[in-house]
Amino acid sequence: MAHRNRLRSAWNRVGSGEVHRAPRKWQPWLADTGSLTQKIEQAIGQKLQVQVLRDCPQTLNSDESRYFHFRIRRCRVREVLLCANDIPLVMAHSVIPTASSSGSNHQILRLGKKPLGAVLFNQTRKHTKSKPPRDIARLDKGSELRKRYAKNNVALDSPLWARRTLYRLKGHPILVNEIFLPALLSHLKTK
């Protein structure tokens, strides 16, 4: 019977009902369509700190390449930790294709220590009312995203839950992966 609690594949569309197979405590976080940064800040009553792990050009991994239908090879990858009191609550891995970060988006995407979500939600609200496609996944120890953060000495319990959203910034795609860390829930309980 344990197989009934597993998702059908690595990434599953939220609208498919698969979110209900995730643990109940993570469901509101996985399905929420608003700004994750804003939701966490409201829940804990303080601003999050952004710890930039990496922000550089890179070749897409096979999963990301498939998501862009193999049309994009080079991109900018931004990996950050969203922290409260120096405790990581969320890991974010954003894939910004080269074409998405040029032209009028170039200045907007000079983020520094600003969360990407704040920029995306500020800009996309002006241009669209439709909700971007969102997938969720259970990330076990073998997943690419978990392996990336293990290299940064981030301790990860198994399994982790993540959501992946394809945003459009002035018509250009940006893929944002957000991995929820157990510290998020324990931090909420102490507030």
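Placed above this text is the structure.
Residues numbered from 1 in each chain as written. Predicted model: local features only at pLDDT ≥ 70, side-chain atom pairs only at ≥ 80, totals over all residues. Heavy atoms only, no water.

A. How the structure looks around the overall build of the protein chain. Across its full length, the protein chain carries 7 helices and 7 strands. Going residue by residue from the N terminus, the α and β elements of the protein chain occur as β-α-α-β-α-β-β-α-α-β-α-β-β-α. Across the protein chain, contacts joining residues at least 24 apart in sequence account for 65% of those joining residues at least 6 apart. Of the roughly 10200 Å² of accessible surface on the protein chain, a fraction of 51% belongs to carbon and sulfur atoms. (Helix = DSSP H or I, 4+ residues; strand = E, 2+ residues; numbered from the N terminus. Contact = heavy atoms within 4.5 Å. Areas by Shrake-Rupley, 256 points an atom, 1.4 Å probe, with all protein chains shown as cover.)

B. Structural view of helix α2 (residues 36-44). Among the residues making up α2, those that are buried are L36, T37, I40, E41 and I44. Projection of α2 onto a plane perpendicular to its axis shows the buried side chains occupying an angular sector of 130°, all on one side. One or two steps after α2, the chain reaches G45, where phi turns positive at roughly 75°. (Buried < 20%, exposed > 50% of the residue type's maximum accessible area, 1.4 Å probe, protein only. Arc of directions from axis to C-beta.)

C. Representation of the pairing of strand β6 (residues 160-169). Within β6, 9 of the 10 residues are buried, leaving the element largely enclosed by the surrounding structure. The turn joining β6 and strand β7 (residues 172-180), which pair antiparallel and follow one another in sequence, is formed by 2 residues; a positive phi near 55° is taken by K170. (Pairing = 2+ DSSP bridges.)

D. Structural detail: unusual backbone geometry. The backbone phi angle of N85 is positive, close to 55°, even though this residue is not glycine. Turning to its location among the elements, N85 is positioned in the loop between β3 (74-84) and β4 (87-97). Non-glycine residue D86 carries a positive phi angle of around 65°. By the element assignment, D86 lies in the loop between β3 and β4. On the accessibility criterion, D86 (65% relative accessible area) is exposed.

E. Quick peek at the side chain of S35. Of note, S35 is situated in the loop between α1 (27-31) and α2. With relative accessibility at 9%, the residue S35 sits in the buried group. Among the polar contacts listed, one links the side chain of S35 to the backbone nitrogen of Q38, at a separation of 3.2 Å. (Polar contact = N/O pair within 3.5 Å; in protein donor to acceptor, adjacent residues only side chain to side chain.)

F. View of the pairing of β3. Within β3, 10 of the 11 residues are buried, which leaves the element mostly enclosed by the surrounding structure. By the bridge criterion, 10 bridges tie strand β2 (residues 49-59) to β3 in an arrangement that is antiparallel. If you follow V50 over to β3, its bridge partner there is L82. When β3 meets β4, the two strands line up antiparallel, connected through 10 bridges. Bridge pairing in β4 places V77 opposite V95.

G. Looking closely at the pattern of salt bridges. Counted under the stated rule, the structure contains 7 salt bridges. Note that D32 and K39 form a salt bridge whose closest N and O atoms lie 3.8 Å from each other. On the basis of relative accessible area, K39 is assigned to the partly exposed category, the value being 25%. As a salt-bridge pair, R54 and E79 come within 3.3 Å of each other at their nearest N and O atoms. Residue R54 is found in strand β2, and its partner E79 is found in strand β3; the two are separated by 25 residues along the sequence. (Salt bridge = Lys/Arg side-chain N within 4 Å of Asp/Glu carboxyl O.)

H. Expanded view of the nonpolar core. Counting 22 residues, the largest nonpolar core has W26, W29, I40, L89 and F180 as the members making the most contacts within it. Of all elements in the fold, only α1, α2, β3, β4 and α7 (182-190) reach the threshold of two or more residues within this core. Apart from the residues within four sequence positions on either side, F180 is in contact with W26, W29, L30, L36, L89, V90, L160, W161, A162 and R163. (Core = buried A, V, L, I, M, F, W, Y, C linked by side-chain atoms within 4.5 Å.)

I. Structural view of the state of the cysteines. Enumeration according to the criterion identifies 0 disulfides in this entry. Here C56 is not disulfide-linked; the sulfur of C75 is the nearest cysteine sulfur, at 9.1 Å. According to the relative accessible area criterion, C75 is buried, its value standing at 3%. (Disulfide = S-S within 2.5 Å.)

These figures come from the coordinates and say nothing about function on their own.
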